[in-house]
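Observations on chain architecture
So the chains spell out like this:
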Amino acid sequence: MTMFRRAVCPGSFDPIHNGHLDVIERASRLYDVVHVAVLINKSKRGMFTVDERIAMIEEITAPYGNVKVESHQGLLVDYCKEREIPAIVKGLRAVSDFDYELQMAQMNHGLSGVETLFVPTSPEYSFMSSSLVKEVATLGGDVSHLVPELVFRRLSERIADMRAEPKTSSD
């Protein structure tokens, strides 16, 4: 039986941006199979549905040839246990990320023995977050250099649709 080196890159990816893609691509060079877990947070209403995010990530990461994209609700360590994934790969943008991510890594290891590997984000993406990308795009700023072309098109379409929706009066 062949053993594959497997890892997971988790996130909400609403939308996926070049910083996320940088980490996923780098992980795909280190591992035989990289799972991208689109985590579902029922308390947040995303700009894109989970299915839309999965479809975009699948299309964007298809050239890597070893990325599998799925959704998951619940503890990430349960996702890892169900799929026998021994490692979580997380990008770190700044020291401020490290405090939170270290706590999560220690908790995950304590719960299941899953290791977390931190990948420093490439400097050109160190400021980036999905929330910031959405905010700038919604306010009319150019984010075409921050997201893959497919995401930029879909983001532009979604914002145009949101602007075209009739406003309801609260009289």
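Given the structure is predicted, the values throughout are model-derived calculations rather than measurements.

Description of the overall build of the protein
Each helix and strand counted, the protein has 6 helices and 5 strands in total. Sequence-ordered secondary structure for the protein, helices as α and strands as β, is β-α-β-α-β-α-β-α-β-α-α. Relative to the globule expectation of 16 Å for 171 residues, the C-alpha radius of gyration of the protein, 17 Å, shows essentially globular dimensions. For the protein, the spread of C-alpha atoms along the three principal axes comes to 60 × 35 × 35 Å. Per-residue burial over the protein gives 42% buried out of 171 residues. In the protein, the share of contacts with a sequence separation of at least 24, taken over all contacts with a separation of at least 6, comes to 75%.

Observations concerning a nonpolar patch on the surface
A cluster of nonpolar side chains, L75, M107 and L111, forms an exposed patch at the surface whose accessible area comes to about 300 Å². Topologically, M107 is positioned in helix 4 (residues 95-112).

A short note on the side chain of S129
Examined against the element boundaries, S129 turns out to sit in the loop between strand 5 (115-120) and helix 5 (130-138). At 3.1 Å, the side chain of S129 and the backbone nitrogen of L132 are in polar contact. If sequence neighbours within four positions are ignored, S129 has contacts with H17 and R93.

Side note on the pairing of strand 2 (residues 33-39)
Among the 7 residues of strand 2, 5 are classified as buried, and the element is accordingly described as predominantly covered. With 6 bridges connecting them, strand 1 (residues 6-11) and strand 2 associate as parallel partners. Along strand 2, the bridge assignment pairs R6 with V33. Regarding topology, helix 1 (residues 18-30) serves as the crossover connection from strand 1 to the parallel strand 2, and that connection is right-handed. Sheet topology places strand 2 next to strand 3 (residues 67-72); 6 bridges connect them, and they run parallel. Following the sheet pairing, L39 is matched in strand 3 by H72. You can see the chain leave strand 2, run along helix 2 (residues 50-61) and come back into strand 3, and the turn it takes is right-handed.

Focus on the sheet that holds strand 3
Strand order across the open sheet formed by 5 strands is 3-2-1-4-5, with parallel pairing between neighbours. On the outer flanks of this sheet lie strand 3 and strand 5, each paired with one strand and no other. Sheet twist, expressed as the mean angle between neighbouring strand axes with direction ignored, is 30 degrees. Pairing of strand 4 (residues 87-92) with strand 5, which is carried by 6 bridges, proceeds in the parallel orientation. When the sheet's bridge partners are listed, V89 is paired in strand 5 with L117. Relative to the sheet, helix 2 contacts strand 2 and strand 3, its axis offset from that of strand 3 by approximately 170 degrees.

Quick notes on the nonpolar core
Counting residues in each nonpolar core, the largest one holds 34 residues, and the members touching the most others are I16, V89 and L155. Put simply, the parts of the chain that give this core at least two residues each are strand 1, helix 1, strand 2, helix 2, strand 4, helix 5 and helix 6 (149-164). With 5 residues, the single largest contributor to this core is helix 2. Setting aside anything within four residues of it in sequence, one finds L155 in contact with M47, F48, V133, A137 and V143. One finds V8, L76, C80 and V114 within the second-largest nonpolar core, a separate group that totals 8 residues.

Some points on helix 4
In this model helix 4 runs 26 Å from its N-terminal to its C-terminal C-alpha over 18 residues, within 8% of the 26 Å that 1.5 Å per residue would give. For helix 4, the full list of buried residues reads D97, E101, A105 and N108. G113 occupies a position one or two residues after helix 4 and carries a positive phi of about 85 degrees.

What counts, and where the lines are drawn
- Counting of residues starts from 1 at the beginning of each chain's written sequence and follows it residue by residue.
- With pLDDT at 70 or above as the cut-off, local features in this predicted model cover only qualifying residues; side-chain atom pairs require 80 or more to be listed or tallied, and sums for whole chains, interfaces and linings still use all residues.
- Hydrogens and water molecules were not included; the side-chain quantities draw on all heavy atoms of the structure.
- Numbering of helices and strands runs from the N terminus; a helix is a DSSP stretch of H or I covering at least four residues, while a strand is a stretch of E covering at least two.
- Only the C-alpha atoms count toward the radius of gyration. The rule for a globule is 2.2 Å times the residue count to the power 0.38.
- A simple rule labels every residue: compare its accessible area, found with a 1.4 Å probe on the protein chains alone, to the largest value its type can have, and call it buried under 20%, exposed over 50%, or partly exposed in between.
- It only takes one pair of heavy atoms within 4.5 Å for two residues to be counted as in contact.
- Any residue with relative accessible area above 30% and no salt bridge may belong to a patch, with like charges joined within 9 Å and the nonpolar Val, Leu, Ile, Met, Phe, Trp and Tyr side chains within 5 Å.
- Accessibility throughout is a Shrake-Rupley quantity obtained with a 1.4 Å probe, and a residue counts as covered only by protein chains that appear here.
- We define a salt bridge as a side-chain nitrogen of Lys or Arg found within 4 Å of a carboxyl oxygen belonging to Asp or Glu.
- By the criterion applied in these results, polar contacts are pairs of N or O atoms within 3.5 Å in which, for protein atoms, one can donate a hydrogen and the other can accept it, and in which residues neighboring in sequence qualify only through two side-chain atoms.
- DSSP-based pairing: two strands are paired if at least 2 bridges between them are found.
- Orient the strands so they point away from the viewer, and a crossover whose first-strand-to-second-strand path over the helix runs clockwise is right-handed.
- Lines fitted to the C-alpha atoms define the axes, with helices restricted to the stretch that makes contact. Angles between their N-to-C directions range from 0 to 180 degrees.
- By nonpolar core is meant a set of buried Ala, Val, Leu, Ile, Met, Phe, Trp, Tyr and Cys residues that side-chain atoms within 4.5 Å join together.
- Here the expected length of a helix is defined as 1.5 Å per residue gap, with one fewer gap than residues.

Just distances and angles here, no functional claims.
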